[in-house]
Amino acid sequence: MCGIAGIISLNNNQINTKLFEAIKKTKNLQNHRGPDNFDYFQNDKVALFSNRLNIIDLSSNANMPMIDKNTGCVIVFNGEVYNFKELYSDLKDVHFESKSDTEVVLKSYIKWGVNCLKKFNGMFAFAIWDPRKNKLFCARDRMGIKPFFYRKINNTFVFASEIKPLLLNNSNNSNDKIIYNYLMNGVYDHSKETFFKDIYQLT
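All of the points below concern the structure found in this document. Worth saying up front: this structure is predicted, and the values here are computed from it rather than measured.

1. Quick word on the packing of aromatic side chains
Consideration 1: Summed over all chains, the structure comprises 20 aromatic pairs.
Consideration 2: Measuring from ring centre to ring centre gives 5.9 Å for Phe120 and Phe124, while their planes differ by 85 degrees; the resulting arrangement is edge-to-face.
Consideration 3: Note on Phe120: relative accessible area 4%, which makes it buried.
Consideration 4: Accessibility expressed as a relative area gives 2% for Phe124, which makes it buried.
Consideration 5: Among the aromatic residues, ring-to-ring pairing joins Phe77, Tyr109, Phe120, Phe124, Phe126 and Phe137 into one connected group.
Consideration 6: Positioned above the aromatic ring of Trp112 is the side chain of Lys119, whose terminal nitrogen or guanidinium carbon lies 4.5 Å from the ring centre.
Consideration 7: Seen from the ring of Tyr200, Lys192 lies directly overhead, with NZ or CZ sitting 5.3 Å from the centre.

2. A word on the pairing of strand E8 (residues 149–153)
Within a regular strand, side chains alternate between the sheet's two faces.
Consideration 1: The element E8 is extensively covered by neighbouring structure, given that four of its five residues are classed as buried.
Consideration 2: Strand direction decides the pairing type here: E8 and strand E9 (residues 156–160), joined by five bridges, are antiparallel. In the sheet register, Phe149 faces E9, and the bridge partner there is Ala160.
Consideration 3: Between E8 and E9, which pair antiparallel one after the other, the connecting turn spans two residues, and Asn154 there sits at a positive phi close to 55 degrees.
Consideration 4: With two bridges connecting them, E8 and strand E10 (residues 200–201) associate as antiparallel partners. What sits directly across from Phe149, in E10, is Gln201.

3. Focus on the pattern of salt bridges
Consideration 1: What the rule picks out here adds up to nine salt bridges.
Consideration 2: Residue Lys177 pairs with Glu193 through a salt bridge whose shortest N-O separation is 2.8 Å. Residue Lys177 is found in helix H4 (residues 176–185), and its partner Glu193 is found in the loop between H4 and E10; the two are separated by 16 residues along the sequence.
Consideration 3: Connected through shared salt-bridge partners, Arg33, Glu162 and Lys164 make up one network.

4. Observations regarding the sheet that holds strand E7 (residues 135–140)
Consideration 1: One open sheet accounts for four strands, arranged E4-E5-E6-E7; its pairing is antiparallel. Edge positions in the sheet fall to strand E4 (66–67) and E7, since each of these pairs with one other strand and no more.
Consideration 2: Bridge count between E4 and strand E5 (residues 74–81): two bridges; the pairing is antiparallel. Following the sheet pairing, Met66 is matched in E5 by Ile75.
Consideration 3: Contacts from helix H3 (residues 101–112) reach E4, E5, strand E6 (122–130) and E7 within the one sheet, and its direction differs from that of E5 by about 120 degrees.

5. Quick look at helix H1 (residues 17–24)
Consideration 1: Restricting attention to buried positions, one finds in H1 the residues Leu19, Phe20, Ala22 and Ile23. Buried residues of H1 fall within an arc of 165 degrees about the axis and therefore sit on the same side. Those residues of H1 that are exposed and angled more than 90 degrees off the buried face are Thr17 and Lys18.
Consideration 2: Against strand E1 (3–9), helix H2 (26–29), strand E2 (37–42), strand E3 (46–52), E8 and E9 lie the buried residues of H1.
Consideration 3: Capping the start of H1 is the job of one residue whose side-chain oxygen sits 2.9 Å from the backbone nitrogen of Lys18: Asn16.

6. Some details on unusual backbone geometry
Consideration 1: Cis geometry marks the peptide bond from Met64 to Pro65, where omega comes out at -5 degrees.
Consideration 2: If you trace the backbone, Pro65 turns up in the loop between E3 and E4.
Consideration 3: Phi is positive for Asn134, close to 60 degrees, though the residue is something other than glycine.
Consideration 4: Within the secondary structure, Asn134 is located in the loop between E6 and E7.

Parameters and conventions
- Residues numbered from 1 in each chain as written.
- Predicted model: local features only at pLDDT ≥ 70, side-chain atom pairs only at ≥ 80, totals over all residues.
- Heavy atoms only, no water.
- Phe/Tyr/Trp six-rings, centres within 6.5 Å; stacked < 30°, edge-to-face > 60°.
- Buried < 20%, exposed > 50% of the residue type's maximum accessible area, 1.4 Å probe, protein only.
- Lys NZ or Arg CZ within 6 Å of the ring centre and 35° of its normal.
- Helix = DSSP H or I, 4+ residues; strand = E, 2+ residues; numbered from the N terminus.
- Pairing = 2+ DSSP bridges.
- Salt bridge = Lys/Arg side-chain N within 4 Å of Asp/Glu carboxyl O.
- Contact = heavy atoms within 4.5 Å.
- Axes fitted to C-alpha atoms, helices over the stretch in contact; angles between N-to-C directions.
- Arc of directions from axis to C-beta.
- Polar contact = N/O pair within 3.5 Å; in protein donor to acceptor, adjacent residues only side chain to side chain.

Quick look at the structure:
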């Protein structure tokens, strides 16, 4: 289990400084998810944060955010791709700096783009910043085992592994419809909505 978070400006402006500092608090808010290493990547448009729990490849080479030297693509990753070792055979021409499934996911994206998802067998949630396309690619496993919550604030998109980092000063509005459905029917993960009106889960 790891904790990921991020912020990206949806226009050509720099990322909001106050929002950046708020999401940066994920270092403490999600520390229980990944106490072994905390780091972040930042440029004018995007920032990605990672609380890492060392499981596969305990070396610092597997720390995140992980950056591909050739393309500049950056990944934060939570979960496990069970078949990552098998994917080495499809990536014979690729040089690896670590023995982690995180790097396999990153290299797979670089080679196959969004179609890399068809290659993965596992439980995961990740975000990849691709400077070549000026886009942030976010994905979650098919069963939704690993969490990925997000919200939009004006022209800024923010996400995290848990809702707590997204609970900013103006976001404590309960989603009564979802709370009612949960209390009456015991149903919660049936839509992208959460217990908070402006916070959603990736589906």
